[in-house]
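# Examination of the molecular architecture
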Amino acid sequence: MISHYLLEYLDLNSCLIGICIFLLLTDIFKNKNPPDFPPGPWRPPLVGNVFTGVDYKTTEKLAEKYGDVYSVRWGSEKTVFISGYKMVKEALITKLDSFSERPVIPLFDKVYKGRGVSLSNGYVWKMQRKFAITHLRYFGEAKKNLEMSIQQESVFLCDAFKEEGGPFNPQSYLNPAVSNIICALLFGHRFDYHDERFLKTLYFNIEAVILAGSTHANLYNVFPRLLDYVPGPHQRLFNNYLKIAEFLRDEIRKHKEDWDPSAPRDYIDAYLAEMEKKKNDPEAGFNIDSLVFSTLDLFEAGTETTATTMRWALLYMMKFPQIQKKVQAEIDRVIGQSRQPTLDDRANMPYTEAVIHETQRMGNIIPLGFPKRACKDTTLGGYFIPKGTAVTISLSSVLNDKSEWETPDTFNPGHFLDDQGQFRKRDAFMPFSAGRRSCLGEPLARMELFLFFTSLLQQFTFSPEPGVELSLEGQLGFTNAPGPYRLCVSPR
Ligand code: HEM
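Positions within a chain are numbered from 1, following the residues in the order the chain's sequence is written. Given that the model is predicted, a residue must reach a pLDDT of at least 70 before its local features are reported, and side-chain atom pairs must reach 80 or more before they are shown or counted; all residues, however, enter totals for whole chains, interfaces and linings. The basis for the side-chain values is all heavy atoms of the structure; hydrogens and waters are excluded.

Spatial ordering of the open sheet is given by E1-E2-E6-E3, a layout of 4 strands whose pairing is mixed. Single-partner strands in this sheet number two, and they are strand E1 (69–74) and strand E3 (372–373). For two strands to count as paired, DSSP must find a minimum of two bridges between them. Here a helix means four or more residues in a row that DSSP labels H or I, a strand means two or more in a row labelled E, and each is numbered from the N terminus. With 4 bridges joining them, strand E2 (residues 77–82) and strand E6 (residues 390–393) adopt parallel strand pairing. Looking at the pairing, Ile82 lines up with Ile393 of E6. In the packing of helix H3 (residues 56–66) onto the sheet, the strands contacted are E1 and E2, and the crossing angle to E1 comes to about 125°. The contact rule is simple, with two residues in contact once any of their heavy atoms fall within 4.5 Å. An axis is simply a line fitted to the C-alpha atoms; with a helix, the fit covers only the stretch in contact. Between two such axes, the angle follows the N-to-C directions and lies from 0 to 180 degrees.

Let's shift gears to the coordination of the iron atom of the ligand. For Na, K and Ca the donor cutoff is 3.2 Å, while for all other metals N, O and S atoms count as donors only within 2.8 Å; water does not appear among the atoms, so some sites may look incomplete. Among protein atoms, the single one acting as a donor to the iron atom of the ligand is Cys439 (SG), 2.3 Å away. Residue placement: Cys439 occurs in the loop between helix H17 (395–399) and helix H18 (442–459).

In this section: the site of the ligand. Close to the ligand lie 27 residues, the nearest being Arg102, Arg129, Lys372, Ser433 and Cys439. Throughout this description, a polar contact denotes any pair of N or O atoms lying within 3.5 Å of each other; where both atoms belong to protein, one of them has to be capable of donating a hydrogen while the other can accept it, and for residues adjacent in sequence the pair is counted only when both atoms sit in side chains. With respect to the ligand, the side chain of Lys372 contributes an N or O atom lying 2.6 Å from an oxygen atom. In this structure, an oxygen atom belonging to the ligand sits 3.0 Å away from a side-chain N or O atom of Arg437. Among the secondary structure elements, those contributing two or more residues to the shell around the ligand are helix H6 (122–142), helix H14 (288–319) and H18. Per-element tally for the shell around the ligand: the top contributor is H14, with 5 residues. If a single non-hydrogen atom of a residue is within 4 Å of a molecule or strand, that residue counts as near it.

Throughout, nonpolar core names a set of buried Ala, Val, Leu, Ile, Met, Phe, Trp, Tyr and Cys residues whose side chains join them through atoms within 4.5 Å. Between buried and exposed lies partly exposed: a residue is buried under 20% and exposed over 50% of the maximum accessible area for its type, with that area taken using a 1.4 Å probe on protein chains only. Grouped together as the largest cluster of nonpolar side chains are 126 residues, with contacts concentrated most on Ile82, Phe161, Leu456 and Phe462. Among the elements that take part in this core, H14 stands out by supplying 15 residues, more than any other. Ignoring anything within four residues of it in the chain, the contact list for Leu456 reads Leu157, Cys158, Phe161, Leu174, Met310, Leu314 and Phe462. Grouped together as the second largest cluster of nonpolar side chains are 7 residues, Ala63, Tyr70, Trp74 and Val222 included.

Geometry only, nothing functional implied.
Written out as structure tokens, the structure reads:
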């Protein structure tokens, strides 16, 4: 009787309206902000700010409007954005243990599944990070191997530049050169710049970084279950990661064939030994899969970041020839032409150091850092951020903070020089982020940048193709990279 009554009065339209009202009310109830939650743009129900861009330029505009702590909602996920040197310092350094976890990012979780260093949390992260730092240092700095390996690679790099007749895209050599340093640490050997498989793997890596910034990739993070069935760039990204992982698995397989636990040759050997040692502690995550994803972390993070910074550096040198001349004058004065640059030269080359730092500041290659998550209820800037909330730290807003930098929009090595022309550190220099999750490859990256940069400028002068106006506009994606360009080299 009741069902008959309902059927008579509830036609299809009424049912649909009813469902919509139900969904809306559920959404409003479920996603209600707690008191004092950071403000943000109006969020349409159900989808939230899914159409708001996630690039750093959009986030900077939102910060101007809503302040240094604001929030945005994609789907049902809320993210708090933190901007400006003072607020970022408070979040990462003063409140050291508040934002040291990673959220689950569906795009990366699909492949990493919480393994490795950069996307893991808790005990696994602690153990994997500690192991990575200790062994990168052991196979690099402590044994002085690293300096030699970068010097040797600089010779290959300069030779490759010399062999190019006309204008060329330096990325074809910078990526393999930089990658070879991390490969030497991980696998105990480098690759030839014409090694097909190596070049393909590097290409998958470059493409993965670009794809990770695509609209599909961002939508995947909001509607992962739906987009799993939709073709598009995100599927290509997953495929690229699998291809890179395959390359790494092959290296691991070869290592296992002639592995001698008493004489570790490189990072992989040491990790295999750690797997034996930690057999009774499976929670620490030392197994073959974790080795693949830790090496994927180091291979990926250790290649694209430093190579992109080098591309910015050469671009700035072409754009500002007077600055290039001053670097070369310092190289001639301190090193000369008869020997290779060494790490000890760094202390005597304040201008070159300032130029490299300014390149990192302006290059701003990871504008929004890596995503974070509040590990406990925290109050920041008077706002309440509940445990579990996703947090994005705008490194870009720190590197461009008007109250910290004299001329934030201009390439100005003077930012890092005192009145006497000596190098001066700046607190707001945070391209490697800060706090518990800060970049563990910073010492390695800084050595590479100094030795590659000085070796190239010792041997060459860089200029643009005749008649070509170079653009300093970055290509927005997961990283902020210069657009492709070609350069001319004249031997000095
Ligand atoms: C110019 C070069 C580089 C820049 C600008 C850079 C920048 C960064 C940034 C911004 C983060 C995120 C930190 C955070 O979440 O607060 C990071 C994390 C990381 N970087 Fe780098 N990086 C560079 C080179 C390297 C190199 C050479 C390696 C490898 C040896 C490396 C390995 C890592 C790893 C493993 C993490 C994750 C750390 C964790 O989650 O605990 N990076 N890097």
